[in-house]
Amino acid sequence: MLLIAAQRPDATRVAGIRTWNGLNRHVVKGEHGIAILAPCVYRSRDEVPPEADVREAVAPARPGDEEPLRRRELQGFRVVHVFDVTQTDGAPLPSVQPQLLAGQAPREVWDGLATLTTSAGYRLERRTCPTGVNGWTAPEDRLVVVAEDLEPAQATKTLAHELGHIRANHARRFPDYGIDRTCRGAAEVEAESIAYIVTSHLGMNPAAYSVPYIAGWAEDLDVLRHHMSTVVTVAQELLEGLDHVSERAPRSGPSPERTVPVNAPTPAQHMPAPGALLQQEK
Ligand SMILES: [Zn+2]
């Protein structure tokens, strides 16, 4: 994000050439790509935690158990080129509202995030939430809620977001969160950026939700610039924490599965506004 801001301060929506082509848009001839650093990750087949095999052997596969979580090691960064929307031409852009993530997520990611939430001193509950609210964190009650009607992918991403609020210490750093839109925006940008990095790094694809969500709260690029070092530090700590807990025994607790019927109405999507304490993703 910093590199994009440096090279094209007016950039709003950027993507690689294949993504643009997939949206039936093409890069205008003569435009130069924006160089960014993309993480290089490799997955090791040899490093499957042994307990993953045990779990598979003793329990029938659940829908969330797509495959054992393989360790993904961050090896460094490589330069790739992306283009801003203004450098492209073609079909109109699809909606830029956050799209709820559908489908499964690696069960180990949910379990790891749940363990880290509990070890931070918070209770984790799946509950009915008001329409459009995916979850919230109530620091005074030491409670994290994830809406019960979310599919596992969105539920897992939402839990990572709430844990981002907790680990980035938002209750203390942004005491005016509930009444000041700038504070709220900074906290939401940090929490969702943390969730984006952590869940992408673990093999999920949260962009359809996270990118519009972050863009909606980051009123200008200064918000992103000022908060990126915190985001990277907290995301790194969370990934290390997840690595650590994944080496231990599987634990019980709320599940990432939907707890209401699949054909229940989906919460409407609209952008959040300042409101209840550390409430997210309305
Ligand atoms: Zn939030």
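Quick caveat, the model's predicted, so the values are computed rather than measured.

### Examining the overall build of the protein
Part 1 of the reasoning: Per the secondary structure count, the protein includes nine helices and nine strands.
Part 2 of the reasoning: Per-residue burial for the protein yields a buried fraction of 35% across its 282 residues.

### Some details on the confidence of the model for the protein
Part 1 of the reasoning: Scored by pLDDT, the protein has a mean of 78; 72% of the residues are at 70 or more.
Part 2 of the reasoning: Counting interchain partners and residues more than four positions distant, the pLDDT-below-50 stretch residues 44–70 has 34 contacts.
Part 3 of the reasoning: The low-confidence segment residues 264–279, where pLDDT is below 50, has 36 contacts with residues more than four positions distant or belonging to other chains.

### Describing the packing of helix α4 (residues 107–119) against helix α9 (residues 221–246)
Part 1 of the reasoning: Running from N to C, α4 and α9 cross one another at 105°; their axes reach a closest spacing of 9 Å. The angle between α4 and α9 falls in the class roughly perpendicular. Contacts from Glu108, Gly112, Thr115 and Leu116 in α4 reach Leu238, Gly241, Leu242, Val245 and Ser246 in α9.

### What to know about α9
Part 1 of the reasoning: The terminal C-alpha atoms of α9, which comprises 26 residues, lie 36 Å apart, in line with the 38 Å expected from a rise of 1.5 Å per residue.
Part 2 of the reasoning: Taking the largest bend as the criterion, α9 deviates by roughly 45°, centred on histidine 227.
Part 3 of the reasoning: Listed as buried for α9 are Leu224, His227, Val231, Val234, Ala235, Leu238, Leu242 and Ser246.
Part 4 of the reasoning: Considering only its buried residues, α9 is in contact with α4, α5 (152–167) and α7 (181–201).

### Description of the packing of α7 against α9
Part 1 of the reasoning: It is at 8 Å that the axes of α7 and α9 come closest, and there the two elements cross at 40°. As judged from the angle between their axes, α7 and α9 are oblique. α7 and α9 meet at a crossing whose hand is right-handed. Note on element contacts: α9 touches α7 through Val223, Leu224, His227, Thr230, Val231, Val234, Ala235, Leu238 and Leu239, opposite Gly185, Ala186, Val189, Glu190, Ser193, Ile194, Ile197, Val198 and His201.
Part 2 of the reasoning: Per-class residue counts for the contact of α7 with α9 are 12 nonpolar, five polar and one charged.

### What to know about the nonpolar core
Part 1 of the reasoning: Leu113, Leu159, Ile194, Val198 and Leu238 are the most contacted members of the largest nonpolar core, which totals 47 residues.
Part 2 of the reasoning: Of all the elements in the fold, those that place two or more residues in this core are α4, β8 (143–147), α5, α7, α8 (207–217) and α9.
Part 3 of the reasoning: Those residues in contact with isoleucine 194 that lie beyond four places of it in its chain are Ala160, Gly164, Ala168, Val231, Val234, Ala235 and Leu238.
Part 4 of the reasoning: Counting residues in each nonpolar core, the second largest holds five residues, with Val14, Val27, Val82 and Phe83 among its members.

### Focus on the pairing of strand β7 (residues 135–138)
Within a regular beta strand, the side chains point alternately toward one face of the sheet and then the other, so they alternate between its two faces.
Part 1 of the reasoning: Where β7 lies against β8, four bridges are found, and the strand directions are antiparallel. Each bridged residue has a counterpart across the sheet, and for glycine 135 the counterpart in β8 is valine 146.
Part 2 of the reasoning: Linking two consecutive strands that pair antiparallel, namely β7 and β8, is a turn of four residues; a positive phi of about 50° is found at arginine 142 within it.

### Observations regarding α5
Part 1 of the reasoning: Over its 16 residues, α5 runs 22 Å from end to end, which matches the ideal 22 Å to within 8%, given 1.5 Å per residue.
Part 2 of the reasoning: Asparagine 169 occupies a position one or two residues after α5 and carries a positive phi of about 60°.

### Focus on unusual backbone geometry
Part 1 of the reasoning: The backbone of arginine 142 sits at a positive phi, close to 50°, despite the residue not being glycine.
Part 2 of the reasoning: Relative to the helices and strands, arginine 142 resides in the loop between β7 and β8.
Part 3 of the reasoning: Phi at asparagine 169 takes a positive value of approximately 60°, unusual for a residue other than glycine.
Part 4 of the reasoning: Structurally, asparagine 169 can be placed in the loop between α5 and α6 (170–173).
Part 5 of the reasoning: Given 13 C-beta atoms within 10 Å, asparagine 169 falls into the partly exposed group.

Reading guide: rules and limits
Residues numbered from 1 in each chain as written. Predicted model: local features only at pLDDT ≥ 70, side-chain atom pairs only at ≥ 80, totals over all residues. Helix = DSSP H or I, 4+ residues; strand = E, 2+ residues; numbered from the N terminus. Buried ≥ 20, exposed ≤ 12 C-beta atoms within 10 Å, placed from the backbone. pLDDT = per-residue confidence, 0-100. Contact = placed C-beta atoms within 7 Å. Axes fitted to C-alpha atoms, helices over the stretch in contact; angles between N-to-C directions. Parallel < 35°, antiparallel > 145°, perpendicular 65-115°, else oblique. Expected span 1.5 Å × (residues − 1). Bend = angle between axes of the 7 residues up to and from the residue. Left-handed = near helix turned anticlockwise from the far one by under 90°. Nonpolar A, V, L, I, M, F, W, Y, C, P; charged D, E, K, R; others polar. Core = buried A, V, L, I, M, F, W, Y, C linked by C-beta atoms within 7 Å. Pairing = 2+ DSSP bridges.

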